[in-house]
Amino acid sequence: MTSKAPVISCKGLTYTYPGTTEPALNGIDLEVERGEIVLITGPTGAGKTTLCSTFNGLVPHFYGGRMEGEVKVLGQDVREASAGYLSTKAGMLFQDPSSQLISATVEDEVAFGPENLGIPVEEIAQRTNSVLNYMELNGLRERPPFALSGGQQQAVGLASVIAMKPEILVLDEPTSNLDPIGTINIFALLRKISREEENTIIIVEHKLQELVDIADRIVMIEDGKIRLEGPPREILAEDAVLLYERGLQPPQVSLLAHKLKAAGIPIEKVPLTVSESLEVFSKPLRALKEPIVELREKESEPQQITSQPIIEVENVSFQYPGGVVAVRDVTAKFYKEDFVGIIGQNGSGKTTLVKLLNGLLKPTQGIVKVFGLDSRESPIHDLIRYVGYVFQDPDSQLFSKTVHQELSFGLKNLRVPRDQWESRINSVAKMLLIDSLLKEAPYSLSRGDRQRVAIASVLVMEPQVVVVDEPTTGQDPRKRREIMELMKVLHDKHGKTIIFITHDMDLVAEYAKRCIVMKDGGVVLDGSPHEVFLHYDELEKTHLKPPMITLLFKELGARYNLRKDILTVDEALGYLKSKLVS
Amino acid sequence: MAFEYIQGQSLMHKLDPRTKVLFFLLVTVLIMVVYDPIIMLGLLGVIVLMYRLSGIPLSKLWGITKALLPVFIMFLVLNYFVIPPRGATVYFYLLPGIAPVTIETTLVGITSAFRFVLFIWLSRLLTFTTSISEILIAMVKMKSPPEIATSLGIAFSSVPLMINQFSTVIQAQKSRGSQIEVKNPIKKGISFIPVVVPGIYLTILRGMNVARTVEARAFTYNPKKRTFRKKIQFGHEDYVFLTISGLFTVAIVAIRMLYGWFDYTFILRDVLKLV
């Protein structure tokens, strides 16, 4: 049956959540054909998730609110069909993986949807088996989903949607918890599914460069409206700068091409991948009369370390009570001047390592010395005066009636004299731009502001070291940069030592002065990002990938004797300009 | 955890959950007609044996029992306050003039305390050997709506996740200097507020997320026709097990009613002629 009718069609779709006045979606017109892969992107709060939720009827049936215009899924008006029925047609994977796992084992989880569809037991078994095999989850079959890593949970969530065999797959940031190689694998899988099963796939993503040749169309949403729409190659090539300005992440090489053009360097076309950009950038480089002789590999200033280490981790291993060894024989020193990014595959021991630094966990072997204190002998109460730890999710700590009270919590606990409270709270609140919110209730704030409050509530205790665990997960690129800019201010202006964990290689490249790569509980690389990101093969073994721009210069460098350790677009721009303009 | 399941291949594991429910009812009847503490002790021994045969480490049993000790003592002591001496020899009074200590009240106290322990041991034995999904299917088979069974299942499987979330909250507050391990009970209560408030928030959030997920996985599509993958079936061993325990219980009840055996002092007075 090859009907030409669109699988999804929205006409003048406007939707307002209950209790709000501003519409989350404002006049959306969109048609999706059978078998299409549509990439929906846009800044946080643009309405991407809301739009997706109309396809399976959660909007308006589950959330309520006011809906105008029309959404038809497979010809059915979503207002007239039940959410239960629509869910059999449009399977939706939600953003936060752990929030959607509801069963006791991975197998039960994957079978839950098919059971609801009333499919015979034998067929459920067969579907479950094939999906688990397909997604390489067979080894986890009997494990409880809650005990898996974020990346594995995301894969299980996706498996449980695929097992229902819906005609339309709606995936809200399906790779937010995955490392770079895991991300590529999932996208390849989606392409395979769409080709073999003729599924229609809607993906909400910020990772645009990985989807250039997978998506058929990009739809960029902003303020509940469609701002840009078209084939990925066109949109990314023409509007890379606009996307970047809107806080999104177009391919770095496209951005570089635009910036070189603006600087007066002739660039024929805007490339989207590393191999394309090799050709594009080779032209002006070849046109140079003299070959470039560039011997220096490292321009970046090696970090000036003058002081003694403030935290010393010596041959430390940590084993959880269940028997899992999360950190294996790690030795590392941290200095006052450090701005360290810790990267590594899911489950490589990053979080366990940083929890050892403020005494939340005590080493089962070896010694952690924090400002001279042995962490095994010192209560956590004493260690947190030196090492502040900001948890990923602000909701797991905020509890007070006002932001002001929230900030005084740590001060009270550390018995800081009351006359110092106001000045400390005010100065930290100013630093984090939340001084106007001190009287507000933390729970009424936006996610970004809540995160700032959580960071502030640690900073008032005036620790020298600030540890932030995945501060950027689930945020759009602009929000991620805002947080990292904040860390930079804390480091540059206030002399704080920063240790952060992230999956975002671009952020490490741009902000970290030092980069620690972990694998299977051990440290495999430790050095400046300029050094670390040149270890392409070792990184790949740990499921990581250097920034796209670094991969470009790996190739360009080999051909034209250029530096290879280029980590950011601006660095590349300055470097190429210096070579090409003179 | 209150619903921990320990995998195994023992008879207790293999029995149909409905058999176990019936067995539980039979034992309840049994311990209601048996008053003799020494026989009760023997029954406790049987339960311990069943733990062994089911492959459940006795350390688990000790863990439960330790928690029960205060209640055990409470049962023992409270009995002196509520049971009149009925002319029996009063050895002494717990408090001046009240709570007389006689052989009878002591034996009654011991029996009711044993009864209580047996009740808990047995119910834990059944939950150790029955997975949640079996219980839920049994519920559906016993005509409870599939919505209720499924919601209960989700609630149970959310427990470990919630424990994880709570431990993250505790770690986050410890990182802000909160001292949760204080001894003073009032201070301890206050120090739990920073844990409980985010905990409640996260629990509500979890509830909403689960509701949304269940909807998106087509649970409301047609719940009556829902497939339950796991099947439970009455087998040979179920009939044998139920017949034996049923006959045993009926026999005990009959003897009790006809001959008045198994009273508090049955073994001590009537069998051993000690008192």
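Q: Is there a simple way to think about the sheet that holds strand S10 (residues 225-230) of chain A in this case?
A: By definition, the strands of a sheet pair up through backbone hydrogen bonds, in either a parallel or an antiparallel sense. Residue and element names in this part refer to chain A. Spatial ordering of the open sheet is given by S6-S7-S8-S3-S9-S10, a layout of 6 strands whose pairing is mixed. Looking along the sheet, the strands with just one partner apiece sit at the ends: strand S6 (90-93) and S10. Between one strand axis and the next, the sheet turns by 15° as a mean value, whatever way the strands run. Here strand S9 (residues 217-222) runs beside S10; their pairing, made up of 5 bridges, is antiparallel.

Q: Help me out: how do you make sense of the nonpolar core in this one?
A: The nonpolar side chains of soluble globular proteins are, as a tendency, buried together. Counting residues in each nonpolar core, the largest one holds 188 residues, and the members touching the most others are Ala 159, Ile 202, Ala 456, Val 467 and Ile 549 of chain A. Those residues in contact with Ile 549 of chain A that lie beyond four places of it in its chain are Gln 252, Val 253, Leu 256, Ile 566, Leu 567, Thr 568, Val 569 and Ala 572 of chain A. Residues Ile 31, Tyr 35, Phe 114 and Leu 118 of chain B belong to the second largest nonpolar core, which totals 25 residues.

Q: Before we go on, may I ask you to explain helix H7 (residues 180-197) of chain A in this structure?
A: Along an α-helix, residues three or four apart share an orientation, since each turn contains 3.6 residues. Residue and element names in this part refer to chain A. In this model H7 runs 26 Å from its N-terminal to its C-terminal C-alpha over 18 residues, within 8% of the 26 Å that 1.5 Å per residue would give. Taken together, the buried residues of H7 touch strand S8 (200-204) and helix H17 (505-511). Just downstream of H7, Glu 198 is the residue with a positive phi angle, here 60°.

Q: I tried to follow the interface of chain B and chain A on my own but got confused; where do I start?
A: The parts lose accessible area when they come together, and the size of an interface is often stated as this lost area. Facing 42 residues of chain B, the contacting portion of chain A comprises 52 residues. Examining the composition of the side of chain B that touches chain A, we find that 13 residues originate from one element, helix H9 (residues 193-216) of chain B, more than from any other. Tallied by class, residues from the side of chain B that touches chain A come to 19 nonpolar, 15 polar and 8 charged.

Q: Teacher, can you tell me more about the domain arrangement of chain B here?
A: As assigned here, chain B comprises domain 1 (11-130 + 235-271) and domain 2 (144-225). For domain 1 of chain B versus domain 2 of chain B, the distance between C-alpha centres works out to 36 Å.

Q: For this particular structure, what's the right way to read the sheet that holds strand S13 (residues 339-344) of chain A?
A: All names here are of chain A. Taken together, the 6 strands give an open sheet; going across it, the order is S16-S17-S18-S13-S19-S20, and neighbouring strands pair in mixed fashion. Each edge of the open sheet is held by one strand with a lone partner, namely strand S16 (387-390) and strand S20 (522-527). Adjacent strand axes in the sheet meet at a mean angle of 20° when their direction is disregarded. Where strand S19 (residues 514-519) meets S20, 5 bridges bridge the pair, whose relative direction is antiparallel. Paired with Ile 516 across the bridge in S20 is Asp 526. Where helix H15 (residues 447-459) meets the sheet, its contacts fall on S16 and strand S17 (465-469), and the angle it forms with S16 comes to roughly 165°. Across the sheet, helix H16 (residues 477-492) lies against S13, S17 and strand S18 (497-501), angled at about 155° from S18, the strand it touches most.

Q: Looking at this structure, how should I read the confidence of the model for chain B?
A: A low pLDDT score tells you not to read the predicted coordinates there in detail. In the predicted model, chain B carries a mean pLDDT of 87, and the fraction of residues at 70 or more is 99%. With pTM at 0.81, the complex prediction returns an ipTM value of 0.85.

Q: How should I be thinking about the environment of Thr 150 of chain B in this particular structure?
A: Residue and element names in this part refer to chain B. Locating Thr 150 in the fold gives a position in helix H7 (residues 146-174). According to the C-beta neighbour criterion, Thr 150 is buried, with 22 such atoms within 10 Å. Linking Thr 150 and Leu 136, residues 14 residues apart in sequence, is a C-alpha distance of 7.2 Å.

Q: Help me understand the packing of H7 of chain B against H9 of chain B, please; the structure alone is not making it clear to me.
A: Pairs of packed helices are described in terms of their axes, by the angle between the two and the distance that separates them. Residues and elements named next belong to chain B. It is the contact of H7 with H9, at a shortest axis distance of 10 Å, that shows an interaxial angle of 145°. As H7 packs across H9, the resulting crossing turns out to be right-handed. For the pair formed by H7 and H9, the contact residues are Ile 154, Ser 158, Met 162, Gln 165, Phe 166, Val 169, Ile 170 and Gln 173 on the first element and Pro 194, Val 195, Pro 198, Gly 199, Leu 202, Thr 203, Arg 206 and Val 210 on the second.

Q: Help me understand the domain arrangement of chain A in this model?
A: Residue and element names in this part refer to chain A. The domain boundaries assigned to chain A delineate domain 1 (8-97 + 168-245), domain 2 (253-299 + 550-580) and domain 3 (311-548). Across the contact, 7 residues belong to domain 1 and 6 residues belong to domain 2. Taken together, the residues that form the side of domain 1 that touches domain 2 break down as 6 nonpolar, no polar and 1 charged.

Thresholds, definitions, all that
Every chain is numbered independently, its residues counted from 1 as its sequence is written. Working convention: letters from A go to chains and numbers from 1 go to ligands, in the order in which they are written. With the structure being a predicted model, the display of local features is reserved for residues of pLDDT at least 70 and the display and counting of side-chain atom pairs for 80 or more, all residues being used for whole-chain, interface and lining totals. Any two strands are treated as partners once DSSP identifies two or more bridges connecting them. Each helix is a run of H or I in the DSSP string that is no shorter than four residues. Each strand is a run of E no shorter than two, and both are numbered from the N terminus. Orientation is described by lines fitted to C-alpha atoms, with helices fitted over the stretch in contact, and by angles between N-to-C directions that extend from 0 to 180 degrees. Structurally, a nonpolar core is described as a collection of buried Ala, Val, Leu, Ile, Met, Phe, Trp, Tyr and Cys residues joined by way of C-beta atoms within 7 Å. Residues with at least 20 neighbouring C-beta atoms inside 10 Å of their own are called buried, those with 12 or fewer are called exposed, and the rest are partly exposed, where every C-beta is derived from the backbone. Here contacts are defined at the residue level, using C-beta atoms placed from the backbone and a cut-off of 7 Å between them. Take the residue count of a helix, subtract one, and multiply by 1.5 Å to get its expected span. In this classification, the charged set is Asp, Glu, Lys and Arg, the nonpolar set is Ala, Val, Leu, Ile, Met, Phe, Trp, Tyr, Cys and Pro, and all remaining amino acids, among them Gly, are polar. Domain start and stop points were drawn from an automatic or database domain assignment. The pLDDT value tells you how sure the predictor is about a given residue, anywhere from 0 up to 100. Throughout, a crossing is termed right-handed when the near helix is turned clockwise from the far one, and left-handed when it is turned anticlockwise from it by less than a right angle.

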